[in-house]
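Listed below are the residues making up each chain.
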Amino acid sequence: GYPGGINLSFDAGQMRLGSLWSGGFIEASSLWRGQGSGQARILGKDTTTFPSGPAFAVLATPETAWPVPDPTPRPSPHSFTGYALDAQRRPTLLYSVEGLPVEDFFIERRATAGGVFLERILKFPAPPPAGMHFRVAADKIIEPRGALEFEVGQHLRVRLPSEPIIRNAGEGKELLVPVRGELRIEYHLAAKP
């Protein structure tokens, strides 16, 4: 949970943003009873869920299909290595994808209109491999809404640092950004926290 009522979940198994929502955080009391079985439930509203599978992939061409997670048990090419906290106790998530170290940091920002949004800063201490792409989102609705701004689904607007690739994928679309260096992505939720 971030100040201003914006929350996120991060999947440290696939190194991807799991979901974003505004309002209440989670209800996890079922995890505290018994032997920790049960599920946490999101208490907020207008949840945006991001696609399963890796957020980063090396593609031979921009048309190459996004990789599907392999169901066979074997070592993953991605590894979560921990996190570091800043003075306000916001985490910088540390992991590697395809051998590339990633520093992934979210910070709450206030828009000129007064709303709160999250800025995501992805840093790469080493040069990314040729053809590496970051999948920002996948949804049935991905529409341009201004210079480098895109509506994703019904609850999210993203602002990107460079011209993305929008392509058809199954019954929906994917929004990809080539990785050539640091990425700064803004996530604006439709609902007010």
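Being a predicted model, the structure only gives us computed values, none of them experimental.

Asks: For this particular structure, what's the right way to read the sheet that holds strand β12 (residues 142-146)?
Replies: The eight strands lie next to each other as β7-β8-β9-β10-β17-β14-β13-β12, forming an open sheet whose pairing is antiparallel. The open sheet has two free edges, formed respectively by β7 (78-85) and β12, since each of these has just one partner strand. Strand-to-strand, the axes of this sheet are offset by a mean angle of 25°, without reference to chain direction. Summarising the sheet, strand β13 (residues 149-152) and strand β14 (residues 156-159) pair through four bridges and their orientation is antiparallel.

Asks: Honestly, the pairing of strand β17 (residues 183-189) in this entry has me stumped. Any pointers?
Replies: Side-chain positions along a regular strand alternate between the two faces of the sheet. Among the seven residues that make up β17, six are buried, leaving the element largely enclosed by the rest of the structure. Where strand β10 (residues 116-123) and β17 come together, five bridges link them in antiparallel fashion. Bridged to Leu 118 within β17 is Tyr 187. Of the pairings in the sheet, the one linking β14 to β17 comprises four bridges and is antiparallel in character. Across the sheet, the residue bridging to Arg 157 is His 188, located in β17.

Asks: Explanation requested: the environment of Leu 85 in the structure shown.
Replies: Checked against the element boundaries, Leu 85 lands in strand β7. Classification of Leu 85 as partly exposed rests on a relative accessible area of 37%. Ignoring anything within four residues of it in the chain, the contact list for Leu 85 reads Arg 90 and Pro 91.

Asks: How do you make sense of the pairing of strand β8 (residues 91-97) when you look at a structure like this?
Replies: For β8, the buried fraction is high: five of the seven residues fall into the buried class. In terms of strand pairing, β7 meets β8 through seven bridges, oriented antiparallel. Directly across from Tyr 83, in β8, lies its bridge partner Leu 93. Where β8 and strand β9 (residues 100-110) come together, six bridges link them in antiparallel fashion. Each residue of the ladder has a partner; that of Thr 92, found in β9, is Phe 105. Linking two consecutive strands that pair antiparallel, namely β8 and β9, is a turn of two residues; a positive phi of about 50° is found at Glu 98 within it.

Asks: When you look at the sheet that holds strand β6 (residues 56-58) in this model, what are you seeing that I'm missing?
Replies: Two orientations exist for strands paired in a sheet by backbone hydrogen bonds: parallel and antiparallel. Across the sheet, which stays open at both edges, the four strands sit in the order β6-β11-β16-β15 with antiparallel pairing between neighbours. If you trace the sheet from one side to the other, it starts and ends with β6 and β15 (165-169), each paired once. Neighbour-to-neighbour, the strand axes of the sheet open up by a mean angle of 40°, direction not taken into account. One ladder, built from five bridges, connects β15 with strand β16 (residues 172-178); its direction is antiparallel. In the sheet register, Ile 165 faces β16, and the bridge partner there is Leu 176.

Here is what the cut-offs are and how they apply
- Residues numbered from 1 in each chain as written.
- Predicted model: local features only at pLDDT ≥ 70, side-chain atom pairs only at ≥ 80, totals over all residues.
- Heavy atoms only, no water.
- Pairing = 2+ DSSP bridges.
- Helix = DSSP H or I, 4+ residues; strand = E, 2+ residues; numbered from the N terminus.
- Axes fitted to C-alpha atoms, helices over the stretch in contact; angles between N-to-C directions.
- Buried < 20%, exposed > 50% of the residue type's maximum accessible area, 1.4 Å probe, protein only.
- Contact = heavy atoms within 4.5 Å.

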